[in-house]
Amino acid sequence: MNEQTPPTPSRRKVLRTTAAAGAGIGITAAGAQGAAASSAAVPTTTTASPGTAAEPRRLGTTMAGVPFESRSTVRVAVVGLGNRGNAMIGLYLALPWVRVVAVCDPVREKAERATAQVVAAGRPAPAVYTNGEEDYENLCARTDVDFVHVATPWDSHYAIARAAMLNGKHVGVECPVAMRLDELWSLVDLSEQTRRHCMQLENCCYGRNEMRVLRMAHAGKFGDLLHGAGAYNHDLRALMFSPTYYEGPWRRRWHTRLRGDLYPNHGFGPVANYMDVNRGDRVVSISSFGTPALGLAEYRAEHMPPGDPSWKETYIESDRTISLVQTAKGRVIRLEHDVSTPHPYSRINSLGGTRGVFEDYPARVYLEPDHKDDQWHDFAAYADEFDHWLWKDHANPPGGHGGMDYIMVYRLMQCVRLGLVPDFDVYDAATWTAPVPLSHESIKAKGAPQEIPDFTRGEWRKARSGVDSVKPA
């Protein structure tokens, strides 16, 4: 297999042209606090609304349908070694053709724990980067890294993804990929210019139910698709106030900055796949509404002692946001976000069409002509015919979240190793994350629709493959 990486534009050239593209793109002012340090090299203006910013001129060529370069061994670096990053290392180590060659975290103890995990698996110890918050720059400059996995707090995602691509690395970012609209456009431009993939590591797209619904939708079981829904309704109050679960209060403090949907990807990504968003349809607008912000303050009053630093915080994030997304074909997607009130975990995960409907939590289905009694039916009855080949090959995958994390890592690394087109790309990353700034703007405007940019610049009209992939020979 070819081990060589094709040449990429020089760092100086990309910095110069990307800065030119960034000028004039509107940003979300409320989100600027958390990302100011990462955007210094991309001039922007706040004169335009983030929902109406003009589409920047394409400076590279599309990354839609662009394969990875094949290689016999995939060399991975992990930046951010908290709960998520540390868990992902174990999944990379489960693949014999993957090597974890470098790890990075400003907390030395976390880097040492990750190193011990790699060595215990019988692999060479990775290089360690613990010299401050920006040591990822030195990691990204290494010449023996193919793929960088970013698992850090949200406000650093953009800067690290940017550094990875400018240094010739493919990069995968935990949700969300960035927090501002201008940053999303910048990542699209950088991916196109550097010819490096920048992907949202959306594990929920690889859930067994999600992949089964996707294949059923593509087989026409739902008829013509009409509507879908996704959510992140997850009571995180105890974790956000925990002194040990997150590294500091970074996640809770986002509730002092934005009012909109802070975490749309888990619900939005799967439904976007069902509807072939960016692959035959596209999302065009979002209207969002939010409740008062009461839940975190109430929890603090009941559980946090006087003098705790959290008492200096003022929460503005809506306890529940509800957004309606319209597609070019007229379909409607409902998104919800609620991490501040008591609620059993649910991503909703619903899809409806002219022949019937699926709803999750619990999984149930009603489809004509299979069902005619107005009663929900067993979704498991469709497993044999419609389970994705990944779940048939890996019926009991290791790792968390019901195995979807492993399925995602396996498939991604398979694509890198074999030189395949990835299941999703920078356009999906930007689209699935756009509700973060745009829902905030819509709520401020009392639900007024906000335009969702066409990050593909017209490529969405072309049908192409995605997560519903064909098993490689």
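Here is a short report on the structure shown in this document. (Residues numbered from 1 in each chain as written. Predicted model: local features only at pLDDT ≥ 70, side-chain atom pairs only at ≥ 80, totals over all residues. Heavy atoms only, no water.)

1. What to know about the side chain of D261
Here comes step 1: Looking at the element boundaries, D261 is found in the loop between helix 10 (250–253) and helix 11 (265–274).
Here comes step 2: It turns out D261 is buried and unbridged, and the closest side chain with the opposite charge, R251, is 8.8 Å from it.
Here comes step 3: Within the structure, D261 has its side chain in polar contact with the backbone nitrogen of Y263 (distance 3.0 Å).
Here comes step 4: Discounting chain neighbours no more than four positions away, the residues touching D261 are T321, L335, E336, H337, P435, V436 and S439. (Helix = DSSP H or I, 4+ residues; strand = E, 2+ residues; numbered from the N terminus. Buried < 20%, exposed > 50% of the residue type's maximum accessible area, 1.4 Å probe, protein only. Lys, Arg positive; Asp, Glu negative; His and termini not counted. Salt bridge = Lys/Arg side-chain N within 4 Å of Asp/Glu carboxyl O. Polar contact = N/O pair within 3.5 Å; in protein donor to acceptor, adjacent residues only side chain to side chain. Contact = heavy atoms within 4.5 Å.)

2. Points about the pattern of salt bridges
Here comes step 1: Within this structure, the stated rule accounts for 31 salt bridges.
Here comes step 2: For the salt bridge of D338 with R320, the shortest nitrogen-to-oxygen distance reads 3.2 Å. A residue pair is termed long-range when its members are at least 10 positions apart, and D338 in strand 10 (residues 332–338) and R320 in the loop between helix 12 (295–303) and strand 9 (321–327) qualify at 18 residues.
Here comes step 3: Sharing partners across several salt bridges, the network here consists of E69, R71, R75, D146 and R196.

3. What about helix 6 (residues 157–166)?
Here comes step 1: When you tally the buried positions in helix 6, you get 10 out of 10 residues, the bulk of the element.
Here comes step 2: Within the sequence span of helix 6, burial applies to H157, Y158, A159, I160, A161, R162, A163, A164, M165 and L166.
Here comes step 3: In the stretch just after helix 6, G168 is the one whose phi turns positive, near 80°.

4. Observations concerning the nonpolar core
Here comes step 1: Residues Y92 and M413 are the most contacted members of the largest nonpolar core, which totals 105 residues.
Here comes step 2: The element best represented in this core is helix 15 (residues 404–418), accounting for 9 residues.
Here comes step 3: Ignoring anything within four residues of it in the chain, the contact list for Y92 reads V76, V78, V98, V100, F147, H149, V409 and M413.
Here comes step 4: Grouped together as the second largest cluster of nonpolar side chains are 19 residues, M179, Y232, M240 and Y299 included. (Core = buried A, V, L, I, M, F, W, Y, C linked by side-chain atoms within 4.5 Å.)

5. Details of the pairing of strand 4 (residues 147–150)
Here comes step 1: Burial along strand 4 is two-sided: the residues F147 and H149 and V148 and V150 are all buried.
Here comes step 2: Here 4 bridges tie strand 1 (residues 74–79) to strand 4, and the two strands are oriented parallel to one another. In the strand pairing of strand 4, V78 is matched with H149.
Here comes step 3: Pairing of strand 4 with strand 5 (residues 170–173) involves 4 bridges; the strand directions are parallel. By the bridge assignment for strand 5, V150 is matched with V173.
Here comes step 4: After leaving strand 4, the chain enters helix 6 and then returns to the sheet as strand 5, a path that is right-handed. (Pairing = 2+ DSSP bridges. Right-handed = clockwise from strand over helix to strand, strands pointing away.)

6. Some remarks on helix 17 (residues 435–444)
Here comes step 1: The element helix 17 is largely enclosed, with a buried count of 9 among its 10 residues.
Here comes step 2: Taken residue by residue, helix 17 has P435, V436, P437, L438, S439, H440, E441, S442 and I443 as its buried positions.

7. Points about empty space enclosed by the protein
Here comes step 1: What the rule picks out here adds up to 2 cavities of 30 Å³ or more.
Here comes step 2: Taken as a whole, the largest cavity spans an internal volume of roughly 80 Å³.
Here comes step 3: Considering the residues around the largest cavity, the lining is formed by M199, L201, Y206, M408, R411, L412, C415, P422, D423 and F424.
Here comes step 4: Sort the elements by how many residues they give to the lining of the largest cavity and helix 15 lands first, with 4 residues.
Here comes step 5: Considered class by class, the residues forming the lining of the largest cavity number 8 nonpolar, no polar and 2 charged.
Here comes step 6: Taken as a whole, the second largest cavity encloses approximately 30 Å³ of empty space.
Here comes step 7: The wall of the second largest cavity is formed by N278, R282, V283, T431, I452, P453, D454 and F455.
Here comes step 8: Per-class residue counts for the lining of the second largest cavity are 4 nonpolar, 2 polar and 2 charged. (1 Å grid on protein atoms, 1.4 Å probe; cavity = no way out; pocket = protein on both sides within 12 Å on 5 of 7 lines; lining within 4 Å. Points joined across faces, edges and corners; volume = space filled by probe spheres on them. Nonpolar A, V, L, I, M, F, W, Y, C, P; charged D, E, K, R; others polar.)

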